[in-house]
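Each chain is listed here by its residues.
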Amino acid sequence: MSKVLKINKSAEESVQELLKFLLKSGKVKGVFTLRKINDNGAVAYSLVTSLDMLKDAVPLFPLMPANGGKLLSRLTLRGSVAEPVVAVVRPCELRAFIELVKRKQGSLENFLFISSTCSGVYPLEISVNGNIDKKLSQYWDATKRNEIVPDTRPTCKSCEHFLPYTADITIALIGKKDIGNKCEIFLNTEKGQKFVDGIDGEFVEGKLESEEVVSMRNKRKDEKKKLFDEIGIEKFGLKGLIETFGKCIGCHGCSKVCPICYCNLCYSDSQTYEHKPFVYEIELKRRGGLRVPPDTVSYQIGRLTHVGISCVGCGLCADVCPANIPISTIFLKVGDSVQKMFDYLPGRDVEEQIPVTTFKTEEFVEVED
Amino acid sequence: MKDEFAPKIVGFLCNWCTYAAADLAGTSKLKMPPSLAVIRVMCSSRVDPVLVLRAFLRGADGVLVAGCHPGDCHYEKGNYYARRRFALLKSVIETLGLDSERLQLSWIGASEGPRFQQVVTEFTDKIKKLGQNPMQKKTSL
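All of the points below concern the structure found in this document. (Residues numbered from 1 in each chain as written. Chains lettered and ligands numbered in written order. Predicted model: local features only at pLDDT ≥ 70, side-chain atom pairs only at ≥ 80, totals over all residues. Heavy atoms only, no water.)

### With respect to the side chain of Arg95 of chain A
All names here are of chain A.
Step number 1: One can find Arg95 in helix α4 (residues 91–102).
Step number 2: There is no salt bridge for the buried Arg95, and the closest opposite charge comes from Glu99, which lies 7.2 Å off by N-O distance.
Step number 3: Excluding residues within four positions of it along the chain, Arg95 makes contact with His161, Tyr165, Cys311, Val312, Leu345, Pro346 and Gly347. (Helix = DSSP H or I, 4+ residues; strand = E, 2+ residues; numbered from the N terminus. Buried < 20%, exposed > 50% of the residue type's maximum accessible area, 1.4 Å probe, protein only. Lys, Arg positive; Asp, Glu negative; His and termini not counted. Salt bridge = Lys/Arg side-chain N within 4 Å of Asp/Glu carboxyl O. Contact = heavy atoms within 4.5 Å.)

### Description of the packing of helix α13 (residues 296–307) of chain A against helix α3 (residues 78–95) of chain B
Step number 1: Axis separation between α13 of chain A and α3 of chain B bottoms out at 10 Å; the angle between their running directions is 130 degrees. Relative to α3 of chain B, α13 of chain A is oriented oblique. Handedness of the α13 of chain A/α3 of chain B crossing: right-handed. Packed against α13 of chain A, whose contacting residues are Ile301, Leu304 and Thr305 of chain A, the element α3 of chain B presents Leu88, Leu89 and Val92 of chain B at the interface. (Axes fitted to C-alpha atoms, helices over the stretch in contact; angles between N-to-C directions. Parallel < 35°, antiparallel > 145°, perpendicular 65-115°, else oblique. Left-handed = near helix turned anticlockwise from the far one by under 90°.)

### A few points about unusual backbone geometry
Residue and element names in this part refer to chain A.
Step number 1: Here Val292 and Pro293 are connected by a cis peptide whose omega angle stands at -5 degrees.
Step number 2: Relative to the assigned elements, Pro293 resides in the loop between α12 (277–287) and α13.
Step number 3: Even without glycine at this site, Lys104 takes up a positive phi of about 60 degrees.
Step number 4: Relative to the helices and strands, Lys104 is located in the loop between α4 and β5 (111–116).
Step number 5: Its identity as a non-glycine residue notwithstanding, Asp295 has a phi of 70 degrees, on the positive side.
Step number 6: By the secondary structure assignment, Asp295 is in the loop between α12 and α13.

### Things to note about the interface of chain B and chain A
Step number 1: Taken residue by residue, the interface counts 40 residues in chain B and 49 residues in chain A.
Step number 2: Roughly 4100 Å² is buried in total at the junction of chain B and chain A, and carbon and sulfur atoms are behind 62% of that figure.
Step number 3: Broken down residue by residue, the surface that chain B buries against chain A is led by Arg54, Arg84 and Leu96 of chain B, which jointly contribute 20%.
Step number 4: Connecting chain B to chain A are five salt bridges.
Step number 5: Linking Glu283 of chain A and Arg58 of chain B is a salt bridge whose minimum nitrogen-to-oxygen distance equals 2.5 Å.
Step number 6: There are 22 residue pairs in polar contact (both at pLDDT 80 or more) connecting chain B and chain A.
Step number 7: Going through the elements one at a time, α2 (49–58), α3, β4 (103–107) and α4 (113–130) of chain B are the ones with two or more residues in the side of chain B that touches chain A.
Step number 8: If one sorts the elements of the side of chain B that touches chain A by residue count, α3 of chain B sits on top with 13 residues. (Buried area = accessible area lost by both parts, 1.4 Å probe. Polar contact = N/O pair within 3.5 Å; in protein donor to acceptor, adjacent residues only side chain to side chain.)

Keep in mind these numbers describe shape, not what the thing actually does.
Here's what the structure looks like:
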C-alpha cells in the first residue's frame, strides 16, 4: 500500500494542477513535459519555467516525439540541473534515462519524476498527418475499459513494463474508469510525498498493482507472443535477415532516435566503417556482385549486440524507419533473450550494473569450448 | 586434393596467453592445419562482438576468440568480460535464427602449445564438417 493523492478533476487537469502547484509554490523551478506547439496536434518536450507557458502543457498526450530519457540525458550530460525540476515522462522513457545515467550520460540529481501507468503512444505518423486529435477519445476510452489501445506502437501494445519502476509519483490511468473526472496520484517515495505536501486534495491509501493492472499485463504478454509469432524472428536465419534488412536505406535514423545509442562518434558512421577499394575488389571476386551500401545486416546485428542489453522497447526506431522495417520488434525480441540471460531489466534500478560491465567468476562455462 | 575445402578461420588471440601459445606451438614445430588467420589483440576483452560479427558476415568460415584461462588474465579480469560478451553475441545470433556453431571461445595459456595445436585442429575439423560459410556467396549483406 502506498499514499495516494485524490483530485476531483480529470487526469489531464489534475496533472496540470499538480505541475502548477509545484511551480507556483517554488518547490520546483522548472517543468519538463510535453507541450502543444500548434493546434495541429503537434507536441514537443519542453522545459518550462513560467506559469504562463505551463498552460500549453499536455503531460499525458499519447505521443512520443522523442524519447524523453534521451532528452533528459542531453540536458544533463554536461552537468546536473542546478535547481529542482519535475519531469513528466513515460515509464520506458524513465527507464531509458536510468540506463543512460548508468552509462554516465546524464544525472538524476535535482529531478522529481512523475510517470503514469502507460497505455502507450501512437506512431509519429498519426501526428504528422494531423489525425491524432481524432484518436484521443478512442485512446482514453480504451484506457478506461482496460483494453489495449488500437493503432498504438506495436511495442506499446506488447509492453509489460507499463508501471514505472523508479518514479516518485505515478498517475494511475490504466483501468481507471473515472479518469474523466477523478485522478489517483500515487506517491511512491518520500520525496514525492514531500513535494505534494500542501496541495488541495484528499489523501488515502491505495495499491497501484490493481487487478486491472495484472489483467492488462497478461493481455500485453499475449499480444507480445502474437507479435513475435507474426514476425517469426527466430526463423529468420540468413535468408530472413537479408530480406528484412535488405530494405534498409542506411539512414541510421534508428540509431539517432534510440535513447541507448548514445555514442557521438559511432563506428558505423565513421570513415573506418567504409571499405577500402581492395576490400570491394576481394568481395566482388568472391560474390560476383554487392549491395551498395553494403553491411546493412552487420550494422543492425552490431547494434543489437551493443544496445540490446539496455533496450527499453520504446519503439521509436521502428517509428522513424522510412523502409518500415520492424526494428523495434526485433530489438524487443533479442533484448528479451539477452536480458533474460543476465536476469537484467534495463532501467529497473540505477544501482543495478549493466551486465557487460560486470561478471561472476563462475558462469557461462557452456560458451567455452 | 585441389577441390578439398580449406576453411578460413579468423582468430582473435590475446597477446599474453594464446598468442604466446601460438608462438610456442610454432617453435615446437607442432603440426596443425594452416587455417587460422591470426589477429593479435591485447586482451580477449578487446574483442567487441561487432568485430566477430563482421568477420563472420564477411565470410570467415569460423571465428575463434582465445585468451588466458579464467583467473589468469594479464589484466586480472578481462577474460571474464570477454566471456560475457561472447555469451551475449551467441544469444543474439541464435535469437535471429543463425547458427552460432562457427564461433568459438577457448582458453589457451601461454605454456599450452599442444593445446593450441589441438584447438586449431579440432575447430578446423568441425568447420570442415559444417562446410563453407554461406555468407560468402550472399550479395546483399
